[in-house]
Amino acid sequence: MANSTQTPSAPPVAAKKPHSFTHHGLTVTDDYAWLRDPGYPTVTDKEVLAHLEAENAWFEARMEPHKPLVDTLFKEMRGRIKEADKSVPQKDGDWLYWIEFEDGAEYKKWWRKPVSGGADELILDEVALAEGKEYFRLGALSVSADGKLLAYAIDDNGSERFTARIKDLTTGELLPDEIPGTLSALVWVAQDKGLVYSLANENWRTDNARLHWLGQPLASDVELYHEDDEGFRVGSSLSANEKWLIVSASDHETSEVRLIPAADPLSGPILVKPREKGVEYDVDERDGVLYVHANDTHENFRLATAPLAAPGEWTTVIAGSDEFYLTGFDLFADFYVIEGRRAGLDQIELRHYDDPAYVQPIKFPEASYSAGLADNPEWAVDRLRLSYESMVSPATVYDYHLADKSLETLKVQEIPSGYDASLYRTERLEITARDGTAIPVSVVMRRDRPEGGPLYLYGYGAYGISIDPGFSTARLSLVDRGFAYAIAHIRGGDDLGRAWYKAGKLERRTNTFNDFVDVARDLIARGHTQAGKIAIAGGSAGGELMGAVINQAPELFGAVAAHVPFVDVLATMLDESLPLTPGEWPEWGNPIEDKAAFDLIRSYSPYDQVTAQAYPPLLVTAGLNDPRVTYWEPAKWVAKLRELKTDGNELLLKTNMGAGHGGKSGRFESLRETAEEFAFILWQLGVEA
């Protein structure tokens, strides 16, 4: 038998090749830098590929005895998903649209039928498009205003470069128009004769908004806007009344918006307000009045109006507030809706254009939940489509009827294998961090769970992204085995408002890691669990969190899952040639120009801070085609951990060789990866399967 097919008897040991770099008079050694293929984004280096394959072989060998458990978990998780399922149809113009999954299908089908009656029409078949492909993702989908054309974009390798096509819905034929390399929405303009899109440049940055005229060669496409700041990204959308093309440019802390008449996209754009560092805003329009959601006067945002003739002169309608975090708004013909959070809890309120004092909140039945506007494509409506869930309540679709202020339940997520909400309880704790800040923690568990049992703690804490207390069927496979499942709403997310986000970024980044460790310690002190019985998980920036907390307090954790972890923070932030780096500096700091940022990032960057100590068992994942967290970050981290760690605990690296940042595509294939993670956790914590 050839060596390549033998079961490995020991984990692979990566070669050490001396390499160093110097900034601000400080030299950093990096003996595993060679794991970055110099030809990236194409990865062909035989030594690199051989090492990744060896790690995959070690992963397979160590997980082999636990495959029956993986299969059991996968069957459980799959059994909670309604295989033949469809969304609630939604009216848009003359049509009702919905999506359907068929039995066993990894991907969905997009359907519609005339409101006036008639046969169902299959407008897009993801199952057929994904046939024979290891990876498939639909990136954008847009039906023309007249309902005759469908623009869509697909990625079939995980690279996040999508190819846009246009389908004639009257004949079912594809038009010859084909736009490769997109990374954007697809927006119909000019009476459906034009399509606006953004190309990803060589570094995956969308620095443009382009107009394609149907039937014309790509070479004649017009660049409507080009962004010169390499840290900014460009996106396009339509106003709610579909009169304006909205072209936005932004990074993580600053934005700028232009309006272009959708009927005449070649006419000059209207700049709403020139960018001002640290000011974020977004815009919509109704009857010649702009509505502006901005953080210029308060970090939790205000809502203002401005005349179209003087778009930069903003007059406050809803003032910014410490108590209410205004996250967004939606305009409709006769009213508008604002969304936000109060004390971390989602709020939806209706407002009247002609009566600023009128506030109509939509009330929900539980004390803790996640709720928001769902798909509401029409301008003039008498009801609103809403989504709702909690940690014990499955996903629910409501229509809110404006006339009588009532919620109509349209669909509750069905769990074929059964689910009894009364068996579970949820609570929201407040845990005091080391600097005195109260950190919210959402917990769900079975009512019959003994105190002190195993606990799964999840966190993210970056980019101002909140982790809502929502529902998960997969989670039940742990909860039903005696786990408590906890979400730490740590600083760096915007769970409690914009100040909460700012308190976990840049020079205050380490608050995020300290919060997570302090939550774990307090959950132990309260008797909810014990040291070594906590499994933790996070992905991307949440994977950075995993790396930082196991450097700080490895003794607390009994198993760690770090998915596509952003762990080589210093080297990545020093490399402005990487796709995302310049746009990331407002989040992490620019260590090229700022020695203080260099020193701080180096002090917490998980890869740079690996030391000779015992680490908990680790399952690490990567995607070879991932443009967000490049595959070599987790590969280098695992190599360094193998070299330095002093324990005999499991350390596994699984690299998806045909996928990107999101892992495997398809609703069941991705579920199998969750089953692998949970099997690893149960194995490491010694929990009866």
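One can find the structure itself at the top, above this paragraph.
Bear in mind that the values here come from a model prediction, so they are computed numbers and not experimental data.

Caption draft 1: Quick look at the overall build of the chain. Across its full length, the chain holds 12 helices and 39 strands. The C-alpha radius of gyration of the chain comes to 25 Å, within 12% of the 26 Å expected for a compact globule of 689 residues. Here the chain, with 689 residues, has 56% of them falling under the buried criterion. Looking at the chain alone, contacts between residues at least 24 apart form 55% of all its contacts between residues at least 6 apart. Of the roughly 27300 Å² of accessible surface on the chain, a fraction of 50% belongs to carbon and sulfur atoms. When the 69 positive and 109 negative side-chain charges of the chain are each reduced to one mean point, those points stand 3 Å apart.

Caption draft 2: Highlighting the packing of helix α6 (residues 510–525) against helix α7 (residues 541–552). Two numbers describe how α6 lies on α7: the axes approach to 9 Å, and their chain directions differ by 65°. As α6 packs across α7, the resulting crossing turns out to be right-handed. Contacts between α6 and α7 involve Thr512, Phe513, Asn514, Phe516 and Val517 from the former and Glu544, Leu545, Met546, Ala548, Val549 and Gln552 from the latter. The residue inventory of the contact of α6 with α7, partitioned by class, reads 7 nonpolar, 3 polar and 1 charged.

Caption draft 3: A look at the environment of Gly320. Position of Gly320 relative to the elements: it lies in the loop between β23 (315–318) and β24 (324–331). Using a relative accessible area of 25% as the deciding quantity, one classes Gly320 as partly exposed. Among residues more than four places away in sequence, those in contact with Gly320 are His298, Phe301 and Arg302.

Caption draft 4: The arrangement of the pattern of salt bridges in detail. Enumeration over the complete set of coordinates arrives at 51 salt bridges. Its salt-bridge partner being Glu253, residue Lys277 comes within 2.6 Å of it at the nearest N-O pair. Pair noted here: Lys277 is in the loop between β19 (270–271) and β20 (281–286) and Glu253 is in the loop between β17 (244–250) and β18 (255–261), with a separation of 24 residues, a long-range link. A single salt-bridge network, built from bridges that share partners, covers Glu227, Glu256, Arg258 and Arg275.

Caption draft 5: Here's a closer look at the nonpolar core. Core analysis: the biggest nonpolar cluster contains 112 residues, and Leu457, Phe516, Ile536, Phe557 and Trp637 have the highest contact counts within it. The element contributing the most residues to this core is helix α12 (residues 669–685), with 8 residues. Filtering out sequence-adjacent residues up to four positions away, Leu457 remains in contact with Ala486, Ala488, Phe516, Val519, Ala520, Leu523, Ile534, Ala535, Ile536 and Ala537. Judged by nonpolar contacts, the second largest core, of 16 residues, contains Tyr369, Leu384, Tyr398 and Tyr400.

Caption draft 6: Examining the environment of Lys133 more closely. Locating Lys133 in the fold gives a position in the loop between α3 (126–130) and β8 (137–143). By relative accessible area, which is 33% here, Lys133 ends up partly exposed. Each C-alpha atom of the pair Lys133 and Ile338 lies 41 Å from the other, and the pair is 205 residues apart in sequence.

Rules of the game
Note that residues are indexed from 1 along each chain, following the sequence as it is written. In view of the model being predicted, local features appear only for residues whose pLDDT reaches at least 70, and side-chain atom pairs are presented and counted only at 80 or more, with totals across whole chains, interfaces and linings using the full set of residues. Computation of side-chain values: all heavy atoms of the structure, hydrogens and water removed. Strands are runs of DSSP state E lasting at least 2 residues, helices are runs of H or I lasting at least 4, and numbering of each runs from the N terminus. Computation of the radius of gyration draws on C-alpha atoms alone. For the globule rule, the value is 2.2 Å times the number of residues to the power 0.38. Relative accessibility decides the category of a residue: with a 1.4 Å probe and only protein chains considered, values under 20% of the type maximum give buried, values over 50% give exposed, and everything between is partly exposed. Contacts: residue pairs with any heavy atoms within 4.5 Å of one another. The Shrake-Rupley method, run with a 1.4 Å probe sphere, supplies the accessible areas, and residue values consider only the shown protein chains as cover. When charges are tallied, Lys and Arg are placed among the positive residues and Asp and Glu among the negative ones, while His and the ends of the chain are skipped. By convention, the point assigned to a charge is CZ for Arg, NZ for Lys, CD for Glu and CG for Asp. Note on geometry: axes are C-alpha line fits, over the in-contact stretch for helices, and angles between N-to-C directions span 0 to 180 degrees. Helix crossings are classified by the rotation of the near helix relative to the far one: an anticlockwise turn of less than a right angle makes the crossing left-handed, while a clockwise turn makes it right-handed. All amino acids are sorted into three groups, where Ala, Val, Leu, Ile, Met, Phe, Trp, Tyr, Cys and Pro are nonpolar, Asp, Glu, Lys and Arg are charged, and the leftover types, Gly among them, are polar. Salt bridge, as used here, is a side-chain nitrogen of Lys or Arg placed within 4 Å of a carboxyl oxygen of Asp or Glu. The criterion is simple. A nonpolar core is a set of buried Ala, Val, Leu, Ile, Met, Phe, Trp, Tyr and Cys residues joined through side-chain atoms within 4.5 Å.

Any link to function would need more than the numbers given here.
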